[in-house]
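# Geometric and topological summary
Chain by chain, the residues:
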Amino acid sequence: MRIAFIGKGGSGKSTISALFVDYLLKNFPDKIILAVDADLNIHLAKYLFGLLDLKEDFFLSHHQNIIKIREYLKGNSTYIKTINEFLKTSPPSRGCNIIRFTKDDFILNNFALKKDNIYFMAVGTYQKEELGTACYHVNLSIFENILSFTDEGDNFIVSDMVAGIDFFANTLFNQFDMFPLIIEPNVGNLRIYEHLKNLALEADIYDRIFIVGNKILNEKDKNFIEEHFDTEKIIGYMKFDEYLYNFDFTLGAIDYQKTDKNNQDVLKNIYETLKNKKIDLNLRLKKLIQLHLKYIQKESIKSRFGDLSYQVDENFFF
């Protein structure tokens, strides 16, 4: 099952992502959880591991890591002819290596930090040599590849997603079963919600969007959210509590059992909703292929690579 927490910067995505990872760890100790920080402002490592600094060569978007990951995923496939033709939309094909959530998986063991049954990855942030020349969407492409080539079975992928609506600029909107939108009770969230809703309807994923009110102090905050947002999408309200407030002043792993009982119930409700939204991998693959065929029609792609429609293996299935 795959879940990505979305929302504007500062809404509490990272905190709730980490709480949910801890909820899964303690309630499903036999499952593997891949937690990925896809935001350029990296906070999930602090909440899960108490780490403030990660080395550049750990990031998925580090140049050497991109090469190693794509070489492994390509495997013996003849559909992706070279690593240079391995695009963000390239679908898996026969001969490729599929990431399976086993404890000896090459990708999990070489590109993630591990604690208990949690594997943590970070897409990465801007580096000094990229100043004035880079776009973060390019960094996200290796994360897209990992998702496209993964069969997690009945395990979990949890992502602290890039802020705002940027995940619509790539295949990430197609890669998850559920998107909890973290909303604070203020007018700053109104425009982003309307824009996101319109894009989600266009992309046919509105049924995967749900609202979690955050930093709720009183009934006034709840009433504001219910007045301005689609009430049928609201699946819980995370109350402001002292544990979460004080946690930001410390280092160490977050513990969902120390937060308010109401907040624990919201995490459970998020899980119950996710459980009912799981999408078949082959249906997701079908959509990925559609996006790939659309993407390779861009003039910049055609002029560089020619026709890459041969990358689609009609006989590959998960």
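Let me begin by describing the structure that accompanies this report. These numbers come from a predicted model, not from an experiment.

Analysis parameters
- Residues numbered from 1 in each chain as written.
- Predicted model: local features only at pLDDT ≥ 70, side-chain atom pairs only at ≥ 80, totals over all residues.
- Heavy atoms only, no water.
- Phe/Tyr/Trp six-rings, centres within 6.5 Å; stacked < 30°, edge-to-face > 60°.
- Helix = DSSP H or I, 4+ residues; strand = E, 2+ residues; numbered from the N terminus.
- Buried < 20%, exposed > 50% of the residue type's maximum accessible area, 1.4 Å probe, protein only.
- Expected span 1.5 Å × (residues − 1).
- Pairing = 2+ DSSP bridges.
- Right-handed = clockwise from strand over helix to strand, strands pointing away.
- Contact = heavy atoms within 4.5 Å.
- Axes fitted to C-alpha atoms, helices over the stretch in contact; angles between N-to-C directions.

Before going further, it helps to spend a moment on the packing of aromatic side chains. Enumeration according to the criterion identifies 23 aromatic pairs in this entry. Where Phe28 meets Phe156, the ring centres are 5.7 Å apart and the plane angle is 50 degrees; that geometry is what we call tilted. Here Phe28 is found in the loop between helix H1 (13-27) and strand S2 (33-37), whereas its partner Phe156 is found in strand S7 (residues 156-160), with 128 residues between them in sequence. Each member of the pair, Phe28 together with Phe156, is buried. Taking 5.8 Å as the distance between ring centres and 50 degrees as the angle between the ring planes, the aromatic pair formed by Phe240 and Tyr245 counts as tilted. Among the aromatic side chains, those forming a connected cluster through ring pairs are Phe5, Phe20, Tyr23, Phe28, Phe156, Tyr256 and Tyr271.

Across its 15 residues, H1 extends 21 Å between first and last C-alpha, which sits within 8% of the 21 Å expected from 1.5 Å per residue. Counting buried residues along H1, 13 of its 15 residues qualify, which places the element largely inside the surrounding structure.

Most of strand S9 (residues 209-216) is tucked away: seven of the eight residues are buried. In this structure, strand S8 (residues 179-183) lies alongside S9, joined through five bridges in parallel fashion. Residue pairing for S9: Phe179 is matched across the bridge by Ile209. Assessed by its sense of winding, the connection that carries the chain from S8 through helix H6 (residues 188-202) to S9 is right-handed.

With respect to the element layout, Asn174 can be found in the loop between S7 and S8. On the basis of relative accessible area, Asn174 is assigned to the buried category, the value being 3%. What Asn174 contacts, discounting residues up to four positions off in sequence, is Arg208, Arg284, Lys287, Leu288 and Leu291.

Pairing is mixed in the open sheet, where five strands are placed in the order S1-S7-S2-S5-S4. The open sheet has two free edges, formed respectively by strand S1 (2-5) and strand S4 (113-115), since each of these has just one partner strand. Strand-to-strand twist across the sheet, computed as the mean angle between neighbouring axes with direction ignored, equals 20 degrees. In the sheet, S2 pairs with strand S5 (residues 118-122) via five bridges, with the strands oriented parallel. Paired with Asp37 across the strands is Ala122, a residue of S5. Strands in contact with helix H9 (residues 261-275) are S1 and S7; relative to S1, the strand with the most contacts, it is inclined by about 130 degrees.

These values are about where atoms sit, not about what they do.
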